[in-house]
Amino acid sequence: MKLSKAINIITIILIASLPLSEGVKNIALLLLMISFIAALITSQYSKKKNGWIIIISFFIISGIISSIINYEKSGIDGIYDSMKLFLPFFSILFLGGNFFKYYSIYYAAIISTIIACIISIYLDHNFFIRYHDIRLLSISPVNSVAIYISLVFGVTLAIFSTKKNKTFKENLFLSLALGFLGYFLLCTATRGSILSTIIISCLILCLQYGLKRLLIIIVPSLIIILSLGVSLNMNYIKKFSPILKYDTPLSKSVIGHRDTTFTMAKIIAEDNLFWGIGPSNAKYYFTKEACSEMSEKLGYHYKQNDFINCYHAHNFYMNILCERGLIGLLVILFFFLALSYKLIKTRWIITGVYNLPSQSKMLWCSCIYATCTTLINGLFNTTLRNE
């Protein structure tokens, strides 16, 4: 079996297992890591991509060095965390061209995610009256669930808006999938994921259809969703209220919670400026006691039993700075800057009049969605941490 075919099969298994099975996910990650290293050693897929490989390798190496410097706490976890980040970045290089041929990779993400969401609804008898603490089988923290659902929503939107000659069954499935994933994302009530999903979806649709056609699509869709919500007695007000509500500093406040973790990450980063405290090490510093003490200094008064667990900075940029230092942060920002420049430069793929294959447009939409989700949602959550 050719290495490229093996990588695609493993990738399909990995994507299908992400929300469903922790065991299968870890095995697939290990196999994918071995396959990518083999591809790198044999120089497969690396032609004309040496610049990207150098950028990504610097980021991975910075995490490994940081892990070695802080080995007493980080240990093997820090090195493993760095190697896990190796996979999504290198997959852009190794799998990008092959994605054109495999719709099955995208559909594996959509179908397995819908199954995982349905299972979580079935297991949680209070699902329709709550708006937080939602779990998928293989993804636990609610922020991680929301980021993952948002990315799968983006993949679904990319297929729905770009694939030509879709059958009636495909249109029906993708439409229902978008509605279901959108509602499930709303149930998580995570501000960052919902905000980034709305902004990027509107951007992609506006580029494709123009503003007038975008409004024609959005307004009827909102009327249908709200009508269904009222008829099915789904309490939208309660689900939206935590997104719109601003708590006072005297209560348990999400804004105060993020102020605390952000400030703590800043203090930790100042003491470990260049290499950080090591990947996965924030959990040793962001204890309840430390965060409670910091909250008091900031003017927030948390009760110990009410305090939200802190294991990261709740901010992508500050978490990278805290754990991987200034060097790791600069490298990852340069990577996303280069990727964003490449996407902007090739926007003619989606806006031009050229008769391009729909797979090219689908891949471009998926890439712009994933990039913007990481960067925008990164202001509120720590993307790329567990997702």
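My aim in this report is to walk through the structure given alongside it, one point at a time. These numbers were taken from a predicted model, which means no experiment stands behind them. (Residues numbered from 1 in each chain as written. Predicted model: local features only at pLDDT ≥ 70, side-chain atom pairs only at ≥ 80, totals over all residues. Heavy atoms only, no water.)

### Observations concerning the overall build of the protein
Alright, step 1. Along the protein, the regular secondary structure elements total 15 helices and 0 strands.
Alright, step 2. When burial is assessed residue by residue, the protein has 48% of its 387 residues classed as buried.
Alright, step 3. Residue pairs at least 24 apart in sequence account for 78% of intrachain contacts in the protein once pairs closer than 6 positions are excluded. (Helix = DSSP H or I, 4+ residues; strand = E, 2+ residues; numbered from the N terminus. Buried < 20%, exposed > 50% of the residue type's maximum accessible area, 1.4 Å probe, protein only. Contact = heavy atoms within 4.5 Å.)

### Some points on helix α15 (residues 358-377)
Alright, step 1. End to end, α15 covers 28 Å across 20 residues, agreeing with the expected 28 Å (1.5 Å per residue, within 8%).
Alright, step 2. Summarising burial for α15: 15 of the 20 residues are buried, a large majority. (Expected span 1.5 Å × (residues − 1).)

### A word on the nonpolar core
Alright, step 1. Among the nonpolar cores identified, the biggest contains 73 residues, and Ile110, Leu136, Ile149, Ile159, Phe184, Phe286 and Ile332 are the most heavily contacted of them.
Alright, step 2. Looking at this core, the element that brings in the most residues is helix α13 (residues 316-345), giving 12 residues.
Alright, step 3. Filtering out sequence-adjacent residues up to four positions away, Ile110 remains in contact with Val152, Val155, Thr156, Ile159, Phe173, Leu174 and Ala177.
Alright, step 4. Core analysis: the next-biggest nonpolar cluster, separate from the first, contains 8 residues, Ile7, Leu14, Ala28 and Leu29 among them. (Core = buried A, V, L, I, M, F, W, Y, C linked by side-chain atoms within 4.5 Å.)

### Section: the environment of Leu178
Alright, step 1. With respect to the helices, strands and loops of the structure, Leu178 is situated in helix α7 (residues 168-188).
Alright, step 2. A relative accessible area of 13% means that Leu178 is categorised as buried.
Alright, step 3. Distance in space between the C-alpha atoms of Leu178 and Gly154 is 8.9 Å, their sequence separation being 24 residues.
Alright, step 4. Residue contacts for Leu178: discarding those within four places in its chain leaves Phe153, Thr156, Leu157 and Phe160.

### A few points about the pattern of salt bridges
One side chain can pair with another of opposite charge once the charged atoms of both are near each other.
Alright, step 1. Counting across every chain of the model gives 3 salt bridges.
Alright, step 2. For the salt bridge of Lys25 with Glu22, the shortest nitrogen-to-oxygen distance reads 3.4 Å. Here Glu22 and Lys25 lie together in helix α2 (residues 22-41), a separation of 3 residues that amounts to about one turn.
Alright, step 3. In this structure Glu22 comes out as partly exposed when scored by relative accessible area, which is 38%. (Salt bridge = Lys/Arg side-chain N within 4 Å of Asp/Glu carboxyl O.)

### Focus: the side chain of Ser161
Alright, step 1. Examined against the element boundaries, Ser161 turns out to sit in helix α6 (residues 142-162).
Alright, step 2. Its relative accessible area of 11% is what places Ser161 among the buried residues.
Alright, step 3. There is a polar contact of 2.8 Å between the side chain of Ser161 and the backbone oxygen of Leu157.
Alright, step 4. If we ignore the near neighbours within four places in the chain, the residues touching Ser161 are Leu205, Gln208 and Tyr209. (Polar contact = N/O pair within 3.5 Å; in protein donor to acceptor, adjacent residues only side chain to side chain.)

Take it as geometry only, folks, not as evidence of what the structure does.
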